[in-house]
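The residues making up each chain are set out below.
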Amino acid sequence: MNWSEFAQLVTAAGCDDGLNGVTGGGLSLARGESAMGFIPEDGERKSEAEQGGGVQGPPPAPPPPQPSEESTVRVMALLCLTAFHDIMKVEAILPTVQAEHAPYLGYSAGDVIRDHDIALSYVLVHYPELLPSFAGLPPGAQKAILFTQSKLQFNHGWFVQAEAPPGAMLSTFKR
């Protein structure tokens, strides 16, 4: 569509301001001007830059940051922990402390570890191959998970659901 066709269309719609221009929605265009990529009467399409500006959009967004190897491993470790942190609530798979591992966090040889968090830490420390998602993590990520499950005795559920007062949640930091 060239400028003449556009002007006729707008005039037919009753938007002629009678001042040798066309007005529509607060936009006044004098005949012969080019706006928004319309083709002037000479038939040559002009870009916004050639037209001397026009409405400028926002600058292009920068590319999203690429995750680092370290952050990817941390997310993998957190997802693994989230997947298996409560598996020891299944009584049939609770571990029994072996003589070579006794005592273990207050449990003697032959004791079934009934606390699901301590049971998980026992398996992670002594039988990590039983949880392939844990065993497949790099050593640093494994250490971080072990810290939360055995040294810190961190209750993942309390943390996620904000169910514990800070004293109970952080009491192992004092030890």
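Residues numbered from 1 in each chain as written. Predicted model: local features only at pLDDT ≥ 70, side-chain atom pairs only at ≥ 80, totals over all residues. Heavy atoms only, no water.

### Notes on the overall build of the protein
The number of helices and strands found in the protein is eight helices and two strands. The order of helices and strands in the protein, counted from the N terminus, is α-β-β-α-α-α-α-α-α-α. Contacts in the protein between residues far apart in sequence, at least 24 positions, make up 42% of those at least 6 positions apart. Put simply, the protein shows about 11,600 Å² of open surface, and 60% of that area lies on carbon and sulfur atoms. (Helix = DSSP H or I, 4+ residues; strand = E, 2+ residues; numbered from the N terminus. Contact = heavy atoms within 4.5 Å. Areas by Shrake-Rupley, 256 points an atom, 1.4 Å probe, with all protein chains shown as cover.)

### Regarding unusual backbone geometry
Cis geometry marks the peptide bond from A102 to P103, where omega comes out at -10°. For P103, the location among the structural elements is in the loop between α3 (69-84) and α4 (116-126). For L105, which is not glycine, the phi torsion reads 45° and is therefore positive. Inspection of the secondary structure assignment puts L105 in the loop between α3 and α4. A residue is classified by how much of its surface remains accessible, and L105, at 38% relative accessible area, is partly exposed. (Buried < 20%, exposed > 50% of the residue type's maximum accessible area, 1.4 Å probe, protein only.)

### Remarks on the side chain of H116
Checked against the element boundaries, H116 lands in helix α4. In this structure the side chain of H116 is engaged in a polar contact, spanning 3.2 Å, whose partner is the side chain of D86. In this structure, H116 is in contact with H85, D86, M88 and K89, ignoring residues within four places of it in sequence. (Polar contact = N/O pair within 3.5 Å; in protein donor to acceptor, adjacent residues only side chain to side chain.)

### Section: the nonpolar core
Among the nonpolar cores identified, the biggest contains 22 residues, and F84, I113, L124, L131, F134, L137 and I145 are the most heavily contacted of them. Mapped by element, the contributors of at least two residues to this core are α3, α4 and α6 (139-151). Per element, the largest residue contribution to this core is six residues, and it comes from α4. Ignoring sequence-local partners within four residues, the contact set of L124 consists of F84, L131, F134, I145, L146 and Q149. (Core = buried A, V, L, I, M, F, W, Y, C linked by side-chain atoms within 4.5 Å.)

### Brief notes about the pattern of salt bridges
Once the charged atoms of two side chains with opposite charge are near each other, the side chains can pair. According to the stated counting rule, one finds three salt bridges in the structure shown. Salt-bridge contacts for K89 lead to D86; the nearest nitrogen and oxygen are separated by 3.4 Å. Of the residues examined, K89 reaches a relative accessible area of 54% and is grouped as exposed. On the basis of relative accessible area, D86 is assigned to the partly exposed category, the value being 29%. Across the salt bridge formed by R114 and E91, the nearest N and O atoms sit 3.3 Å from each other. Here E91 lies in the loop between α3 and α4 and R114 lies in the loop between α3 and α4, a separation of 23 residues in the sequence. The two residues R114 and E91 agree in class, both being exposed. (Salt bridge = Lys/Arg side-chain N within 4 Å of Asp/Glu carboxyl O.)

### Re the environment of A102
Considering the arrangement of structural elements, one finds A102 in the loop between α3 and α4. Overall, the relative accessible area of 30% leaves A102 in the partly exposed class. Look past the residues within four positions of A102 in its chain and what remains in contact with it is V97, S108 and A109.

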